[in-house]
Protein chains: 4
Amino acid sequence: MKTYMPTKDDKFTFGLWTVGNRGRDPFGDAVRPALSPIDAVKRLSALGAYGVNFHDDDLAPIDATPTERARLIREFKTALSDYGLCAPMATTNLFYDPVFRDGAFTANDASVRAYALQKAMKAMDLGVEVGAQIYVFWGGREGAEVDAGKDAVTAVKRFRDALNFLCEYSRDQGYDYRFALEAKPNEPRGDLYFPTTGSYLGFIATLDHKEMVGVNPEVGHEQMIGLNFYHVVAQAIEAGKLFHIDLNDQKFLRFDQDLRFGAESIKTLFFLVKLLEESGYSGPRHFDAHCYRTEDAEGVWDFAAGCMRTYLIFKEKARRFNEDPEIQSLLSEISAGDPAVADCSGPYSRARAQMLRGVAFDRAALARKRLPYERLDQLTIELLLGVR
Amino acid sequence: MKTYMPTKDDKFTFGLWTVGNRGRDPFGDAVRPALSPIDAVKRLSALGAYGVNFHDDDLAPIDATPTERARLIREFKTALSDYGLCAPMATTNLFYDPVFRDGAFTANDASVRAYALQKAMKAMDLGVEVGAQIYVFWGGREGAEVDAGKDAVTAVKRFRDALNFLCEYSRDQGYDYRFALEAKPNEPRGDLYFPTTGSYLGFIATLDHKEMVGVNPEVGHEQMIGLNFYHVVAQAIEAGKLFHIDLNDQKFLRFDQDLRFGAESIKTLFFLVKLLEESGYSGPRHFDAHCYRTEDAEGVWDFAAGCMRTYLIFKEKARRFNEDPEIQSLLSEISAGDPAVADCSGPYSRARAQMLRGVAFDRAALARKRLPYERLDQLTIELLLGVR
Amino acid sequence: MKTYMPTKDDKFTFGLWTVGNRGRDPFGDAVRPALSPIDAVKRLSALGAYGVNFHDDDLAPIDATPTERARLIREFKTALSDYGLCAPMATTNLFYDPVFRDGAFTANDASVRAYALQKAMKAMDLGVEVGAQIYVFWGGREGAEVDAGKDAVTAVKRFRDALNFLCEYSRDQGYDYRFALEAKPNEPRGDLYFPTTGSYLGFIATLDHKEMVGVNPEVGHEQMIGLNFYHVVAQAIEAGKLFHIDLNDQKFLRFDQDLRFGAESIKTLFFLVKLLEESGYSGPRHFDAHCYRTEDAEGVWDFAAGCMRTYLIFKEKARRFNEDPEIQSLLSEISAGDPAVADCSGPYSRARAQMLRGVAFDRAALARKRLPYERLDQLTIELLLGVR
Amino acid sequence: MKTYMPTKDDKFTFGLWTVGNRGRDPFGDAVRPALSPIDAVKRLSALGAYGVNFHDDDLAPIDATPTERARLIREFKTALSDYGLCAPMATTNLFYDPVFRDGAFTANDASVRAYALQKAMKAMDLGVEVGAQIYVFWGGREGAEVDAGKDAVTAVKRFRDALNFLCEYSRDQGYDYRFALEAKPNEPRGDLYFPTTGSYLGFIATLDHKEMVGVNPEVGHEQMIGLNFYHVVAQAIEAGKLFHIDLNDQKFLRFDQDLRFGAESIKTLFFLVKLLEESGYSGPRHFDAHCYRTEDAEGVWDFAAGCMRTYLIFKEKARRFNEDPEIQSLLSEISAGDPAVADCSGPYSRARAQMLRGVAFDRAALARKRLPYERLDQLTIELLLGVR
């Protein structure tokens, strides 16, 4: 009997802002009291989490005095140490304050861009102090409602300038950061400039230090517009660019819901977990979600426990999928090729091209080959439903 | 008084499959007779188009004999020459025949992958024969409904193998092709592996000959899932990767509509035209659209004329936008920066970082700067509506 | 050990067009041979189905001679009787033929409207002959791409005229039909006039014989635009208007996929089955879906078997949900009210209004009441995953 | 030369919450200072508005003392009178306070339902005091994320109980209210129970006093899920149920944007204005929108002026559309019918049915009739772009 209890080896992390979410939304006020970082650490540790992540302003208010800030950081580090958690990822809040209302790195106002850089540098220092090795960039305000007002080509250039600058800063300071870029199609801006993880993969290829920059895909951000998140992550992994991942859930075609992992997209998230576990991805499994606004302060921990538990259930099902003889037999049948064409495949050579040009393919015969995907998908569903 | 009549200098092209679309859809039969490539050339030339593009199977049926094929190609070339059109882009149909029902380059069956490569090579030869210099790849069946059945990481690798092979083939043959990859999120497959132009920008960075591969964004393919097409193209242009473009229109959140250019997305397509015209993009303006199923054979030409005419109207409005003093004054105001921070911006140096860290920004003051986007957008709308 | 084998008591039905779907789509040709109605009956009966439904043109080609038509109908009736199936629902194909390219009952051309009425009358006669008692109307072409061309108010009036006419026809002929209206937001038209089941519920209220008209909600049609199908059906049931139901599945924000029941939306379809089974709905459970285009002729039956099997799995899980003590205890807690306000609820009376106005509610106390939805949803997910 | 300046005859209204919106969003804080109702009245009057609408809590804080409340209402009424505005519509805020976090009329907690009723009754009294005749219900929290926790059939019944109660209350008090129900598919809840205007049209038919209840469609609420808003309003008007309307704009497939009227959906909103102006709708043209978060306090008025101005531009274009000879000639052609079938149409009679059954329609000929929608739509676009 599996217990699905998380351990530190599972590398589950939460953001301070996730368990600390107070339930404010565009049409309603906060419903839960503030949660101190110390209490977050305590409770997450008790539930079996591995780490906790933060924005600069989660640890100390944006207007904190240096003394206050130092104290808050000290207390947080002590709590991490006392409760055996780490803080593997850090990030900068470049979206909440009104100063960023038209963007941070892409703002039209050069002073805002400079301030954003400064804030990111300081937050990187803070991250290092707390032990973070992954630095996430989510450009929550890097977008527009009025395309007349901000040239989209310029916006890309400005974003690159900022990233190049901060890569150099990280290296110059001797920091060991890997940067992970997090895409989102819209919200809070009408349109954000890098709407999908794919956009960032394209962008990274244009950076000065592309080797230190990867992506941080978030389930809900791709699912808002109906993308297949398993496919998104597969491309990132295949490119060696999955540096971090934000796990949550989301109904397609809705505002950013940040639901408990596995609350909606059972089949897709099963394939996601299977991929993460089998791909050799060794980074944190970070839950960037929050509980329903209907919960009280205790309900937060039901939410957090549920995220981890469902992940482990999917992990166990992935094992069973691999051991299911009927499923594996269908997969073999589907993948079986014709040995006669084996020589056609392989890297280009003039000889191979010549040979390939000469093969007389029997199109109709190839089209007749059985592809029992209905049966395979049905077995997958039954495995997921626990009836095999 | 502007006439908005297209000329060859406008570089407007249409696909044979666009004006030749017979109106078949998932719930209904063809409503228009077949249109011969020759007639398409004749009519498009009369309307002021610059060129016509084709899939291999548009020119000659997939089962044509070599003699038949040669005759059809000869006639087509003669027509091009007679009517003064060129054929700047070619592509392979890797989606219609049942053999491709589970993909072409990513099919699980190695024989299908080999046949797809062969078909692409032959189609590239055909393209060269007709004078095409851009080769578009749209992987209409490169996707899945059943993620259990096809490993998404493997799919990316297979697609790369095919592209690397064909790049080498092009070079080895001395062809001068530039490849343009065309993304689409879904339809006809449940999910396609490279759902957005961004995904392809990321993928291109992993190719052996990345310099010869760019993208072919299509308005409708990005708009199906609500992306801002102007932003999509801006990123591609900024990366030097806009090798071709498919112009049409589409309501968000719908099946692939392929509507007449400008029929729906007035504001976005205005900014698109402005961007294309001002960016130095010198490639074809290709319309990949078709007329409503309610049209008869003559209505096709109303459709084609409308695409070009609306493009030219937007182009003229872009000129006016640039000359409108109130709009330009608002833009100046929005972009005006504080000279005091000028030194903060620029490439990284330790000195600049040091200096930037020391600046005392007045967050509240920066947040108070006026950003009159409502006024600017209203003026844009009024310019578009022809009331300024 | 449950076997999840369907029996006739489960009232599972399929359309001839569903198992007979040949896999044609907008980008590809048919991949499967035609399936005769007789073979469909035979195979469905063997799988445990209860009935089979049809469009007029599914039974006999639109151009069949009277003799041919009579023979086809006779053979179909014999097959039904031989294999113990019924044909509880019939419908008219008012979308495939080019004559309907701009609509049937809402067409601008009065002759087309008249022809559509005639075709529906004849199809109703045919339905009665085969024993159907439910008559479904799906207006596949009742929409527009060009709102300039068809007045939307007039379209509603025309649709009402047709429905009123056909209600009278049914009564006048002594037919026992109940009409079920099936909504869809778009596809194949850019927009359809009654986009949601809700629209039809509103429309029915304006009919002459509203008592004989209800709705036929289809999972995929509401899910295309992201609606909660369980909510949609709940409203229809509550209004006494669920006359028929089309079961399938669909990812949100995509073309009409018609996937195998339960292939995607596990949680929603579980609540749907629970609702259908507990609401007293006694009509057919009709699967309006088709297998993937990748299947061959035999794969069709994997698909059909899977639809029924997953329904039965959900039905069994609904039973367990009702018997799960922890789930039921959470539900009791959530629903528990304060007896003190019991008198406030009930139909309006001046006294009750007066009393209610005078109650001093403790808003803060009410807001503190625990609502453990995270826990409840997690238990639901675990029940669905078979780990409770 | 048209000036497009609004006058009171245009019946433009704004909500206090619209011009008073402070720019808070899920990822950011307020950016604008609070605007007093008095200042809102003053500025709107100066811009040419006709009226101003409010939620109960917009006029007086939810915790105001009776004295404070009375003073605020008195001052507001004085301002209305001083500046010549009316307050034609009122509504209750049943979504902001934590007490409503799981719904108001549909809450699981009977005390919350009772409190919601009480709050609505008091707000109706307040509305009457200020002169409102239309009462809008938007059930912002009437939904769920966890379908396990709230029975959707029960939710509909509870909502009906509340509406029936409040209808009686209105009548019993001698109030002259017409109720207008406002649908929304989701946000802030994962799913709202009445997701579309259609759902409410269906629901209204089940009320005790259906004659006093209609709908208040909002552009953005239907466009979030891609519905054609012109069609939505046409159905409501045709049913005699358009009691109020919320004008704004929205890109499809996004969170609730509440954009300036006409900022995005030029063609659809043109047809909407045309419909409103030609249908005899005599109610307010209410703008339920707010300015971009990037605006400062003055930008609010650019936003408000733009809403009205664009409405008037569309109104003028509707006039031109009706006077454009080429457009009108196309419309005549499209609508022309065959006099021979005139007798087929009309209410049901046995004779007419008999006759209709006997007509020999020439399907192919009907399918050949020209339907020049491409041309018509192109002319519409050109009229909208001001180049005809």
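Residues numbered from 1 in each chain as written. Chains lettered and ligands numbered in written order. Predicted model: local features only at pLDDT ≥ 70, side-chain atom pairs only at ≥ 80, totals over all residues. Heavy atoms only, no water.

## Topic: the overall build of chain A
A count of helical and extended segments in chain A gives 15 helices and 10 strands. Since a compact globule built from 388 residues should have a radius of gyration of about 21 Å, the 23 Å found for chain A is in line with a globular shape. Taken over the C-alpha atoms alone, chain A extends approximately 75 × 55 × 40 Å along its principal axes. For chain A, the exposed surface amounts to about 12,200 Å²; the carbon and sulfur share of it is 51%. (Helix = DSSP H or I, 4+ residues; strand = E, 2+ residues; numbered from the N terminus. Rg over C-alpha atoms; globule rule 2.2 N^0.38 Å. Areas by Shrake-Rupley, 256 points an atom, 1.4 Å probe, with all protein chains shown as cover.)

## Considerations on the pattern of salt bridges
Overall, the coordinates contain 140 salt bridges over all chains when judged by the stated rule. The partner of Arg254 of chain D in a salt bridge is Asp191 of chain A, with the nearest N and O atoms 2.5 Å apart. One end of the pair, Arg254 of chain D, is in the loop between strand 9 (246-247) and helix 10 (266-278); the other, Asp191 of chain A, is in strand 7 (residues 191-192), on a second chain. For the pair Arg254 of chain D and Asp191 of chain A, one class covers both residues: buried. (Salt bridge = Lys/Arg side-chain N within 4 Å of Asp/Glu carboxyl O. Buried < 20%, exposed > 50% of the residue type's maximum accessible area, 1.4 Å probe, protein only.)

## A short note on the packing of aromatic side chains
Tallying each qualifying case throughout the model produces 131 aromatic pairs over all chains. Between Phe194 of chain A and Phe203 of chain A, the aromatic rings sit 4.8 Å apart at their centres with planes inclined by 55°, giving tilted as the arrangement. Among the residues examined, Phe194 of chain A registers a relative accessible area of 4% and is labelled buried. Across the ring face of Phe243 of chain B, the terminal group of Arg178 of chain B is positioned such that the distance to the ring centre comes to 3.9 Å. (Phe/Tyr/Trp six-rings, centres within 6.5 Å; stacked < 30°, edge-to-face > 60°. Lys NZ or Arg CZ within 6 Å of the ring centre and 35° of its normal.)

## Overview of the interface of chain A and chain B
Between chain A and chain B, the residue contacts involve 90 residues of the former and 90 residues of the latter. When the two sides are added together, the surface that chain A and chain B hide from each other amounts to roughly 7,700 Å², 61% of it contributed by carbon and sulfur. Here chain A is connected to chain B by 12 salt bridges. Ionic pairing is found between Asp125 of chain B and Arg357 of chain A, a salt bridge with its closest N-O pair at 2.2 Å. Counting every contact that joins chain A to chain B gives 40 residue pairs in polar contact (both at pLDDT 80 or more). Sorting elements by how many residues they give to the side of chain A that touches chain B places helix 5 (residues 110-130) of chain A first, with 10 residues. (Contact = heavy atoms within 4.5 Å. Buried area = accessible area lost by both parts, 1.4 Å probe. Polar contact = N/O pair within 3.5 Å; in protein donor to acceptor, adjacent residues only side chain to side chain.)

## Digging into the interface of chain B and chain D
Chain B puts 44 residues into the contact, and the matching count from chain D is 44 residues. Here chain B meets chain D over a buried area of about 3,800 Å², counting both sides, of which 52% is carbon and sulfur. The largest share of the area that chain B buries against chain D comes from Ile266, Glu374 and Leu385 of chain B, three residues that together contribute 19% of it. For the pair chain B and chain D, the number of links is 8 salt bridges. Note that Arg309 of chain B and Glu382 of chain D form a salt bridge whose closest N and O atoms lie 2.5 Å from each other.

## Some thoughts on the relation of the copies chain B and chain D
Between the two copies of the chain lies a rotation about an axis combined with a shift along it. Of the transformation superimposing chain B on chain D, the axial component is 0.0 Å and the angular component is 180°, with the fit at an RMSD of 0.0 Å. Expressed as an axis order, the relation between the two copies is that of a two-fold axis. Comparing interface residues between copies, 100% of those in chain B also lie at the interface in chain D; the contact surface is shared. (Least-squares fit on C-alpha atoms with pLDDT ≥ 70 in both.)

## What to know about the sheet that holds strand 9 of chain D
All names here are of chain D. Spatial strand order, 8-6-4-3-2-1-10-9: 8 strands in an open sheet with parallel pairing. Sheet topology places strand 8 (213-215) and strand 9 at the edges, where each strand pairs with a single neighbour. By the bridge criterion, 2 bridges tie strand 9 to strand 10 (residues 285-287) in an arrangement that is parallel. Paired with Leu247 across the bridge in strand 10 is Phe287. (Pairing = 2+ DSSP bridges.)

## Things to note about the pairing of strand 4 (residues 134-138) of chain A
All names here are of chain A. Taking burial as the measure, the 5 residues of strand 4 include 5 buried ones, the bulk of the element. Alternating residues of strand 4 divide into Ile134, Val136 and Trp138 and Tyr135 and Phe137, and every residue in both groups is buried. As paired strands, strand 3 (residues 89-91) and strand 4 are joined by 3 bridges and run parallel to one another. By the bridge assignment, Met89 is partnered in strand 4 with Ile134. Between strand 3 and its parallel partner strand 4, the chain crosses via helix 5, and the hand of that crossover is right-handed. For strand 4 and strand 6 (residues 178-182), the ladder comprises 5 bridges, and the chain directions are parallel. Each residue of the ladder has a partner; that of Phe137, found in strand 6, is Leu181. (Right-handed = clockwise from strand over helix to strand, strands pointing away.)

## Remarks on the state of the cysteines
This model, assessed by the stated rule, comprises 0 disulfides over all chains. Cys307 of chain D supplies the cysteine sulfur nearest to Cys291 of chain D, a cysteine that is in no disulfide, at a spacing of 9.8 Å. (Disulfide = S-S within 2.5 Å.)

## So, the domain arrangement of chain A
All names here are of chain A. Segmentation of chain A into domains returns domain 1 (8-322) and domain 2 (325-384). The interface of domain 1 with domain 2 comprises 8 residues on the first partner and 8 residues on the second. Summing both partners gives a buried area of about 740 Å² for domain 1 against domain 2, and 71% of it is carried by carbon and sulfur. On the domain 1 side of the interface with domain 2, the three residues burying the most area are Lys267, Lys317 and Phe321, jointly 70% of the side's total. Remark: the boundary between domain 1 and domain 2 carries 1 salt bridge. The interface formed by domain 1 and domain 2 holds 4 residue pairs in polar contact (both at pLDDT 80 or more) in total. (Domains from an automatic or database assignment.)

## So, helix 6 (residues 152-172) of chain D
The end-to-end C-alpha distance of helix 6 of chain D, which contains 21 residues, comes to 30 Å, matching closely the 30 Å that a straight helix rising 1.5 Å per residue would cover. With 15 of 21 residues buried, helix 6 of chain D lies mostly within the body of the structure. (Expected span 1.5 Å × (residues − 1).)

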